Amino acid sequence: MKGYTRTFVILALLLAIGPYILYPIFLMKVLCFALFACAFNLLLGYGGLLSFGHAAYFGMASYVCAHAAKIWGWPPELCLLLGTSAAGLLGLVFGALAIRRQGIYFAMITLALAQMIYFFALQATFTGGEDGIQSVPRGNLFGVINLASDLTLYYVVAAIFLAGFLAIFRMIHSPFGQVLKAIRDNEPRMVSLGYRTSQYKLLVFVLSAVLAGLAGATKVVVFQLASLTDVHWMMSGEVILIVLVGGMGTILGPVVGAFIIVAMENYLAPLGAWVTVIQGLVFVVCVMLFRQGIVGLFERSLARLKKSPR
Amino acid sequence: MKLSALLLVGLFAGAYTVAAQAEMDVKIGVLNDRSGVYADLSGEGSVIAARMAVEDFKAADKGIKVDIVSADHQNKPDVGSSIARQWYDQDGVDAIFDVPTSSVALAVSQVTREKNKIFIDSGAGAADLTGKQCSPNTVHWTYDTWALANGTGGAMVKQGGDTWFFITADYAFGHALERDTTALVEKSGGKVLGSVKHPFPGSDFSSYLLQAQASGAKVIGLANAGGDTINTIKQASEFGITQGGQKLAGLLIFITDIHALGLQVAQGLVLTEAFYWDLNDSTRAWSKRFAEKNGGKMPSMVHAGVYASVLHYLKAIEATKSKEAPVVMAKMKEIPTDDPLFGKGQVRVDGRVIHDMYLFEVKKPSESKGDWDYYKLLATIPAEEAFRPLNEGGCPLVK
């Protein structure tokens, strides 16, 4: 636990000084994707459930939040709350259906359900079709904090991210998290020990959807738009890429992965088509050389260093 | 003596600083699709066109130093808007050009307005850019869906194609295209016999094509875009629909698509464009230069639009000696547009640029004299009729 306190302090410090070193909007994008990836990692890394449709929760939350802010004129905190709850509700329905199957069938069911959400977003009138919901006002948080300034907004986003990150950390290190990891490693054994594994799986699914929704709703406040990109299956793919590159089942992996992937998209944008090629190469290298991702590799070499006698 | 020498030095130094002040740095960003479906249409070609405009304007001789940056927005509005923000906030970009894909263009227009810069769109079709969502910071150059629907729908009826059947992509964009074209067909005295909606994206269009064929309409309007249009045209060619006497009218299709399809498949297709390389001597001369730099590929109308818009922007900069957005924009709307590619025109108060549009028919393979000889001109739609009338767009800037 002690080591983790240090990690948190360093993370909080980095978050605090970040906008003075890097472009705040870039960092906010990283934080949104990091939170999204953390939520996904909770499900995949600790629950052992590979969902291929997480864009549905991310995107649904962003549409709901954008609609509430733009059409109903709600303040940002209520929009975030509404978007997040919508994602949670969706997660509850989809999760209840999907956890009845395992492995590849589970992944396919989540993908199929997510595609239904994609077509819903494409056809429904309130989503604005392929134009999405644009020019969403940022508004005033709690009626007092004006979010128009990028720096103010950055600290709000950083606080949301940190809250989500700590919540996930708390879950993983609770008895609930222990049961979850045990189910991941050997489900029949947990059943034989008397645990109702499907309840645990459903709960982690919903929690993951809620946090993914929080990330999606936050992204709307930052970029002021919700679009089909958010619900497209490629978004589900991207979050898997982030988690695998960063390190599945590690607490910091998704954060590092999000930074790397978003930075590549951002700073390599002038290279055009090469971005996707480079991303593909990075993915292949990661899977071939270090399966535990960058953070997993780092943790392992650190552990080896500690063990080795001097 | 010493004093006068000093004075002289002072004078020179003064003159030098004046010259240095007259030297202006302008940074323009070409933001478009460099990896996806619109990469041929815009992509690197638009950067080449922008560079040619800077060269032809002889910007360096006029004391204006122009830097061009470019990026890929991947047809995603969030990627596009974050690049635009970063360009304006961090990289000191003064104006953004091109930006195909309507959703991205609308997002960039929004960011540009917020940051009070200039955005001149060439690649996108959204008529809303100069309609309900118009902005004092946005100019829309080459075409829009209204102009295409007007050209293909309105001018086609005058050519005798007075009964229509639509094959429409079943989403907001397809519906809008069908609705607008229907209105224009009926206004010109034509009749719409029916329409059928296909899922988006679609791959098998045979049943829709058979319905269209059975309807007996003289014109089959394709109210879809990109891969859907290409697939519909390919399958229509397999059914021999154009050979059967019906005409196929593409509502959103470009010369690069025709190049990819080949004349054998695309022959007989009717479409509207704002520019064709083989229109007149000046377009031919420019396009030849362009093709040399672009691996032999002729320019699309989007490339031409980027060239013309950069040229017009630089003219306004030169005239005002300023790059403040409101000043430059006022000048751009004041001076008439005049370039070798689109001829004379004007930037309207809502940001719409007015120039002639052309109705083309794709040639039969036997009529084509060589590479890129694809179109024959059916009709020229004069500038004042080619675009949506100023008072019908719902733009708040129009009083």
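From a predicted model like this one, the values you see are computed outputs, not experimental measurements.

Calculation notes
- Residues numbered from 1 in each chain as written.
- Chains lettered and ligands numbered in written order.
- Predicted model: local features only at pLDDT ≥ 70, side-chain atom pairs only at ≥ 80, totals over all residues.
- Helix = DSSP H or I, 4+ residues; strand = E, 2+ residues; numbered from the N terminus.
- Rg over C-alpha atoms; globule rule 2.2 N^0.38 Å.
- Buried ≥ 20, exposed ≤ 12 C-beta atoms within 10 Å, placed from the backbone.
- Contact = placed C-beta atoms within 7 Å.
- Nonpolar A, V, L, I, M, F, W, Y, C, P; charged D, E, K, R; others polar.
- Pairing = 2+ DSSP bridges.
- Axes fitted to C-alpha atoms, helices over the stretch in contact; angles between N-to-C directions.

**Q** How do you make sense of the overall build of chain A when you look at a structure like this?
**A** The number of helices and strands found in chain A is 13 helices and two strands. For 310 residues, the compact-globule formula gives about 19 Å, and the C-alpha radius of gyration of chain A, at 19 Å, lands near that figure. Its C-alpha atoms give chain A principal-axis dimensions of about 60 × 45 × 40 Å. Going through the 310 residues of chain A one by one, you find that 49% of them count as buried.

**Q** Could you clarify how one ought to interpret the interface of chain B and chain A in this entry?
**A** Often, the extent of an interface is quoted as the loss of accessible area upon association of its parts. With 23 residues of chain B at the interface, the matching set in chain A holds 22 residues. Looking at the side of chain B that touches chain A, the element that brings in the most residues is helix H3 (residues 77-89) of chain B, giving eight residues. Class assignment for the residues of the side of chain B that touches chain A results in eight nonpolar, nine polar and six charged.

**Q** I keep staring at the sheet that holds strand S3 (residues 95-98) of chain B and nothing clicks. Help me out?
**A** The strands making up a sheet associate through hydrogen bonds between their backbones, and the pairing can be parallel or antiparallel. Residue and element names in this part refer to chain B. Taking strand neighbours across the sheet as the criterion, the five strands line up as S2-S1-S3-S4-S5 in an open arrangement whose pairing is parallel. The open sheet has two free edges, formed respectively by strand S2 (64-72) and strand S5 (138-140), since each of these has just one partner strand. Neighbour to neighbour, the strand axes of the sheet diverge by 20 degrees on average, direction disregarded. Summarising the sheet, strand S1 (residues 24-32) and S2 pair through nine bridges and their orientation is parallel. Note on S2: the bridge partner recorded for valine 26 is valine 66. Helix H2 (residues 43-57) contacts S1, S2 and S3 of the sheet and is inclined by roughly 160 degrees relative to S1.

**Q** I keep staring at the pairing of strand S14 (residues 357-362) of chain B and nothing clicks. Help me out?
**A** Side-chain positions along a regular strand alternate between the two faces of the sheet. All names here are of chain B. When you tally the buried positions in S14, you get six out of six residues, the bulk of the element. Going residue by residue along S14, you find Met357, Leu359 and Glu361 tucked away on one face and Tyr358, Phe360 and Val362 tucked away on the opposite face as well. Bridge analysis of strand S10 (residues 270-273) against S14 gives four bridges, and the strand direction is antiparallel. Looking at the pairing, glutamate 273 lines up with tyrosine 358 of S14.

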